[in-house]
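Now for the letters of each chain:
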Amino acid sequence: MALTFAVSRAASPARRPGPRGSALRRHLTGWAFAGPATLLVVGLSLFPAAWAFIISRAKWNGIAPATMIGWRNYEQLAQDPDMMAAAGHTLLLTALFVPSSIVLGILLAVALNQRIRLIGFYRTCIFVPYVASAAATGILAGFVFNPQFGAVNEALRHLGIPGQQFLESPAQALYVVCLIALWGQVGFTTVVYLAALQDIPRELVEAATVDGAGKFRVFRHVTLPELRPVTVFTAVWQTITAMQLFDLIYTTTRGGPLNSTQTIVYYIYELAFQTQRLGYGAAAAYVLFAVTLLLTLVVIWYSRRRGAEVF
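In what follows, the accompanying structure is described. None of these values were measured; they are calculated from a predicted model. Starting afresh in each chain, residues are numbered from 1 along the sequence in its written order. Confidence filtering applies because this is a predicted model: local features only for residues at pLDDT of at least 70, side-chain atom pairs given and counted only at 80 or more, and all residues used for totals across whole chains, interfaces and linings. Side-chain calculation: all heavy atoms of the structure are included, whereas hydrogens and water are not.

## Quick look at the overall build of the chain
Phase 1 of the analysis: Secondary structure follows DSSP: runs of H or I at least 4 residues long count as helices, runs of E at least 2 residues long count as strands, and numbering of each begins at the N terminus. From N to C terminus, the chain includes 14 helices and two strands.
Phase 2 of the analysis: For this measure, only C-alpha atoms enter the radius of gyration; the expected value for a globule follows 2.2 Å times N^0.38, where N is the number of residues. The C-alpha radius of gyration of the chain comes to 28 Å, more than 25% above the 19 Å expected for a compact globule of 311 residues.
Phase 3 of the analysis: Oriented by its inertia axes, the alpha-carbon framework of the chain measures out at about 110 × 75 × 40 Å.
Phase 4 of the analysis: Counting only contacts in the chain whose residues sit at least 6 apart along the sequence, the fraction spanning at least 24 positions is 64%.
Phase 5 of the analysis: Element-wise, carbon and sulfur atoms account for 67% of the exposed surface of the chain, whose accessible area totals about 19,700 Å². The criterion used for residue contact is that any of the two residues' heavy atoms lie within 4.5 Å. For accessible areas, the Shrake-Rupley method is used with a probe of radius 1.4 Å. Any residue's cover is judged against the shown protein chains and nothing else.

Put into structure tokens, the structure is as follows:
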């Protein structure tokens with residue numbers, strides 16, 4: 001009888017975990033993989049952001065005990081002429097940089113989407129400046145645009161044009177910084193648009209061509225509408241890039257001359273790490289975050305109203 005029970009037990013199939021046990025095991029397995037990354041994100045992003053918000057409502061130099069002053073830092077920012085000047089420089093840089101990077105990205109992507117010899121080499125040349133460090137780009141640009149021995153002034157002299165001050169001129173420095181930023185960032189928009197161009201269905205282009213549309217009409221009425229979601233994404237990304245530009249400013253002008261290239265991020269750096277006004281600098285950082293978030297939401301809302309779903 002015991003032998004019969006043992007044989008029947010050995011022959012019976014093994015018990016499988018129920019639906020709840022399987023779901024719990026899947027959840028535990030997923031969190032085992034995602035848990036370390038989640039802790040890293042919380043530790044390096046969310047916690048510093050919350051701590052910075054607490055600091056923004058205090059007067060603190062990083063050494064002495066902090067004094068909570070409520071919203072006084074934010075009220076002072078609204079009356080700070082240096083903050084207003086930095087905001088104006090940032091908005092001007094953004095207004096110049098974002099449309100230019102989008103237009104140049106589209107034009108270069110269309111050119112690089114053609115079947116020509118050495119196309120891989122040309123694509124690499126366009127993308128290399130984006131991969132290079134912004135600090136290295138700024139240092140190199142400092143030599144290229146040097147008023148005394150820079151390559152640009154040397155070329156201008158050969159053309160009979162007087163040399164310019166470029167980064168040492170308050171009237172020219174911000175525009176030169178925008179030009180350098182375009183040289184370093186246009187590779188990103190070009191690659192994004194190049195990938196989008198290759199995803200456009202050939203049937204649309206062929207149908208428009210059969211109907212008698214020329215290249216310009218195909219580009220205007222077929223290509224551009226198909227690129228609208230990518231354009232929204234690129235506009236948001238480049239807006240954030242322009243409003244948070246720091247390393248290029250730091251390696252070229254340090255906010256000068258006469259604070260003509262002092263952006264909001266560089267002004268925050270000066271407040272927090274040079275004048276040790278950490279609370280005031282944190283408040284300025286949160287104002288920048290709010291403005292960036294608002295502009296992003298406006299762009300997304302406008303794109304959805306026009307029918308360009310991307311997020």
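## Quick notes on the nonpolar core
Looking at soluble globular proteins, one finds that nonpolar side chains tend to be buried together.
Phase 1 of the analysis: Judged by nonpolar contacts, the single largest core of 35 residues is most densely connected at Phe97, Phe145 and Tyr193.
Phase 2 of the analysis: For this core, the secondary structure elements donating two or more residues are α4 (81-112), α8 (173-198), α11 (228-243) and α12 (247-252).
Phase 3 of the analysis: Counting residues per element, this core draws most heavily on α8, at 13 residues.
Phase 4 of the analysis: Leave out the neighbours within four places in its chain, and Tyr193 touches Ile102, Gly105, Ile106, Ala109, Leu227, Val230, Thr231 and Thr234.
Phase 5 of the analysis: Throughout, nonpolar core names a set of buried Ala, Val, Leu, Ile, Met, Phe, Trp, Tyr and Cys residues whose side chains join them through atoms within 4.5 Å. Burial classes: relative accessible area under 20% of the type maximum marks a residue as buried, over 50% as exposed, and values in between as partly exposed (1.4 Å probe, protein chains only). Judged by nonpolar contacts, the second largest core, of 15 residues, contains Met83, Ile264, Ala284 and Leu288.

## Quick word on the side chain of Thr137
Phase 1 of the analysis: Structurally, Thr137 is set in helix α6 (residues 134-144).
Phase 2 of the analysis: Judged by relative accessible area, Thr137 falls into the buried class, the value being 8%.
Phase 3 of the analysis: Discounting chain neighbours no more than four positions away, the residues touching Thr137 are Pro129, Ala132, Ile180, Trp183 and Leu248.

## Focus: the packing of aromatic side chains
Phase 1 of the analysis: Two rings from Phe, Tyr or Trp (for Trp, the six-membered ring) form a pair when their centres are within 6.5 Å of each other. A pair whose planes differ by under 30 degrees is stacked, one over 60 is edge-to-face, and the rest are tilted. All chains considered together, the criterion is met by 17 aromatic pairs.
Phase 2 of the analysis: A network of ring pairs unites the aromatic residues Phe53, Trp71, Tyr74, Tyr286 and Phe289 as a single cluster.
Phase 3 of the analysis: Whether a charge sits over a ring comes down to the Lys NZ or Arg CZ being within 6 Å of the ring centre and within 35 degrees of the ring normal. If you follow Arg57 out to its NZ or CZ, it ends over the ring of Trp71, 4.5 Å from the centre.

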